[in-house]
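In case you want the letters, here they are:
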Amino acid sequence: MEKLPDYLAHRREKLKKLKEKGINPYPYKFEKTHSSKEILESFEDLEKEKKVVKIAGRITSLRTHGKSIFFHIQDGYGKIQVYLKSDELGKEKFENFELFDIGDFIGVEGIVFVTKTGEKSIRASDFVMLSKSLRPLPEKWHGLQDKELRYRQRYLDLIVNPEVKKTFLTRTKIIQAMRKFLDDRGFIEVETPILQPIYGGASARPFKTHHNVLDRDLYLRIADELYLKRLLIGGFEKVYEVCKDFRNEGMDKNHNPEFSMLELYQAYADYNDIMKLEEELLKFVAEVILKKLIFVYQGDEINLDTEWKKIPLFESIKEYANVDLEKKDEEEIREVAKNLNLSVDEKTNKWKLVDTIFGNLVQPYLIQPTFITDYPIQMSPLAKRHRKKDHLTERFELFIGGLELGNAFSELNDPLDQKERFLQQMNLRDLGDEEAQVTDEDFLRALDYGMPPTGGLGIGIDRVVMLFTDSASIRDVIFFPQMRPEG
RNA sequence: GGGGGUGUAGCUCAGUGGUAGAGCAUCUGCCUUUUAAGCAGGUGGUCGGUGGUUCGAUCCCACCCACCCUCACCA
């Protein structure tokens, strides 16, 4: 048998001794009366009444003093100090504590008191092992710093870095707030397929899988769009889905292969209505989460309490890059990109060139909330033509803090136009654009039956969480980000 | 994929061409209000991996792996 390192062997030895004493190191349950938070909040009453409390949690620090011991236990809501005294527990019980370590789950019974140094604590009259820990926790003072370990072993990160737990609690509250906002406005939350025979609704490469019984390839969805629109056709007027989407593409601080999205559709609305809706939604979330509309993201002060700026895409490029691309042809735009030292090649098509120029010269400077509107048709195959400018669509993206937070259209509901757009996409695909969208015949058939005029919106939930928790990387707001196999 | 950085004890980090250190954790002893408890004494390492240079490599070189930053890609 392989020899364990000392720090593991010692704990195995203690585990064995517990069993020899007839103590189950992994019992089935413990009836708590309070959480640490509840005790601290109602401390004065508990102290006055000398009420016996029972609390459970993980030992996170330990100070022994011969015949007395102090330790903190951390539960799901905070931490509280416990005091053990030999006189009060009896010698045998007190000595059993030798088999407890930092990291173990313990149940404690006792009454509350305040120590000499003023800390609200529990004077234990009994304690019980709830789960023996066989590995040491990271260091108490610096916590877990190594990002790789923090992501791979998020549970440790959560145990020792309290601000991490707070970020994820905020994440949950943000999603709750989004649901409340939409539910209160009569939106219906729905679920649509993750496994799709034809992927659509966005421009991205998919993950592919296979159904054995049907002997058919399926794709993990890259968006929910085409299914939610089918529901509009079916008669729902306001729907939304909080979903995971999957895109088989690169990973960086703004992208994870699986990510969370909020998609919503509202019949009889256009993109102007959706702009207003998204602005109200994010202001509502900010009020709920931050209790204010002015906050700092990555060093920049962001003010949501303004009239949010709206600029057409080409205007924004004119404003920030000082060049008018709207009337230029592909070669002229390529020249512009090259002169700006952007890495583009002869294969980069016109629309990707525009996108690259925007992404490098405009997007990073969109710190205050800004709607970029009216994208070219070729960049927006699911968006309705602009009512006044035929070469553009009624589409917008929202940027705050340099982050792209949403993408929305007056949805294309002209079945023949949609068919044309799919054909254009297939042409791009034939020219080597692997992210070009795939024609979905069933969706076209559905559109033939008629979809009401509709406004739709997709919001990257992870990025909203980044914004409101001042996180620099998407990995800091996803519990278990995608990682390569351990090296 | 390109450029830069990091990788040393369970954790946080020093360090050196002659096979290694601190703090915390852990172990032993002392200690009945401590809280980064204290005091005394221990244990613990394939120095990310594989090759090369060298009498000798954790250190220098090459390649590989992982992670971070950045560019590209990716709405």
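This structure is a prediction, so every number in the text was calculated from the model and none was measured.

**Student:** When you look at the nonpolar core in this model, what are you seeing that I'm missing?
**Tutor:** Within soluble globular proteins, side chains that are nonpolar generally end up buried alongside one another. One finds Met 178, Leu 304, Ile 400, Leu 467 and Phe 468 to be the most contacted residues of the largest nonpolar core, which totals 44 residues. Elements supplying a minimum of two residues to this core: helix H8 (162-184), strand S11 (258-267), helix H10 (271-290), strand S12 (294-297), strand S16 (395-400), strand S17 (403-410), strand S18 (454-460) and helix H16 (461-469). Residue contacts for Phe 468: discarding those within four places in its chain leaves Ile 174, Leu 282, Val 285, Ala 286, Leu 290, Phe 295 and Leu 304.

**Student:** Sorry if this is basic, but what is going on with the side chain of Thr 370 here?
**Tutor:** Secondary-structure assignment places Thr 370 in strand S15 (residues 370-373). For Thr 370, a relative accessible area of 4% gives the class buried. A distance of 2.7 Å separates the side chain of Thr 370 from the backbone oxygen of Gln 368, its partner in a polar contact. Beyond its immediate sequence surroundings of up to four residues, Thr 370 is in contact with Lys 309, Ile 311, Glu 397, Leu 398 and Phe 399.

**Student:** Honestly, H16 in this entry has me stumped. Any pointers?
**Tutor:** Because the α-helix completes a turn every 3.6 residues, residues three or four places apart line up on one side. With nine of nine residues buried, H16 lies mostly within the body of the structure. Of all the positions in H16, only Ile 461, Asp 462, Arg 463, Val 464, Val 465, Met 466, Leu 467, Phe 468 and Thr 469 are classed as buried. At the exit of H16 stands Asp 470, carrying a positive phi of roughly 55°.

**Student:** It is not clear to me how the protein's contact with RNA strand B should be interpreted in this structure. Could you clarify?
**Tutor:** The environment of RNA strand B is made up of 58 residues, and the closest members are Asp 87, Thr 117, Lys 140, Glu 249 and Glu 404. The contact atoms of RNA strand B, taken as those within 4 Å of the protein, divide so that sugar and phosphate hold 62%. Arg 395 is positioned such that a nitrogen or oxygen atom in its side chain is 3.3 Å from a base nitrogen of RNA strand B. Here a phosphate oxygen of RNA strand B and a side-chain polar atom of Arg 484 are 2.9 Å apart. Secondary structure elements with two or more residues in the surface near RNA strand B: helix H1 (6-20), strand S1 (52-65), strand S2 (68-75), strand S3 (78-85), helix H6 (147-152), helix H13 (350-361), S16 and S17. Looking at the surface near RNA strand B, the element that brings in the most residues is H6, giving five residues.

**Student:** What should I look at first to understand a positive patch on the surface in this one?
**Tutor:** Residues Lys 37, Lys 166, Lys 173 and Lys 291 make up a contiguous surface patch of positive charge. Following the sequence through the fold, Lys 291 ends up in the loop between H10 and S12.

**Student:** Could you clarify how one ought to interpret the sheet that holds S15 in this entry?
**Tutor:** Consider a sheet: its strands pair through backbone hydrogen bonds, and that pairing is either parallel or antiparallel. Taken in spatial order, the eight strands line up as S6-S10-S11-S18-S17-S16-S15-S14 in an open sheet, and their pairing is mixed. A single partner strand is all that each edge strand has here, and the edge strands are strand S6 (188-189) and strand S14 (309-312). Contacts between H10 and the sheet are confined to S11, S14, S15, S16, S17 and S18, with S16 contributing the most and set at about 20° to the helix. Along the sheet face, helix H11 (residues 313-321) touches S14 and S15 and points at about 95° away from the line of S14.

**Student:** What's the story with the packing of aromatic side chains in this structure? I'm lost.
**Tutor:** Geometry of an aromatic ring pair is reported as the spacing of the ring centres plus the angle between the planes. All told, the structure shown has 15 aromatic pairs when counted by the stated rule. Residues Trp 308 and Phe 371 carry aromatic rings whose centres are separated by 5.8 Å and whose planes lie at 35° to one another, so their mutual orientation is tilted. Note that Trp 308 is positioned in the loop between strand S13 (300-303) and S14 and Phe 371 in strand S15, a separation of 63 residues in sequence. Phe 371 sits in the buried class, given a relative accessible area of 0%. Among the aromatic side chains, those forming a connected cluster through ring pairs are Phe 71, Phe 97, Phe 100 and Phe 127. Note that Lys 54 overlies the ring of Phe 30, its terminal NZ or CZ placed 5.5 Å from the centroid. A cation over a ring is seen here: Arg 395 above Tyr 375, with NZ or CZ 4.3 Å from the ring centre.

**Student:** What's the story with unusual backbone geometry in this structure? I'm lost.
**Tutor:** Peptide bonds are trans in most cases, and residues, glycine excluded, mostly fall at negative phi. Phi is positive for Asp 215, which is not a glycine, with a value near 45°. Considering the arrangement of structural elements, one finds Asp 215 in the loop between strand S8 (208-211) and strand S9 (216-220). Asp 215 sits in the exposed class, given a relative accessible area of 59%.

Cut-offs and rules
Residues numbered from 1 in each chain as written. Chains lettered and ligands numbered in written order. Predicted model: local features only at pLDDT ≥ 70, side-chain atom pairs only at ≥ 80, totals over all residues. Heavy atoms only, no water. Core = buried A, V, L, I, M, F, W, Y, C linked by side-chain atoms within 4.5 Å. Buried < 20%, exposed > 50% of the residue type's maximum accessible area, 1.4 Å probe, protein only. Helix = DSSP H or I, 4+ residues; strand = E, 2+ residues; numbered from the N terminus. Contact = heavy atoms within 4.5 Å. Polar contact = N/O pair within 3.5 Å; in protein donor to acceptor, adjacent residues only side chain to side chain. Near = heavy atom within 4 Å. Patch = residues over 30% accessible without salt bridge, like charges linked within 9 Å, V, L, I, M, F, W, Y side chains within 5 Å. Areas by Shrake-Rupley, 256 points an atom, 1.4 Å probe, with all protein chains shown as cover. Salt bridge = Lys/Arg side-chain N within 4 Å of Asp/Glu carboxyl O. Lys, Arg positive; Asp, Glu negative; His and termini not counted. Charge placed at Lys NZ, Arg CZ, Asp CG, Glu CD. Pairing = 2+ DSSP bridges. Axes fitted to C-alpha atoms, helices over the stretch in contact; angles between N-to-C directions. Phe/Tyr/Trp six-rings, centres within 6.5 Å; stacked < 30°, edge-to-face > 60°. Lys NZ or Arg CZ within 6 Å of the ring centre and 35° of its normal.

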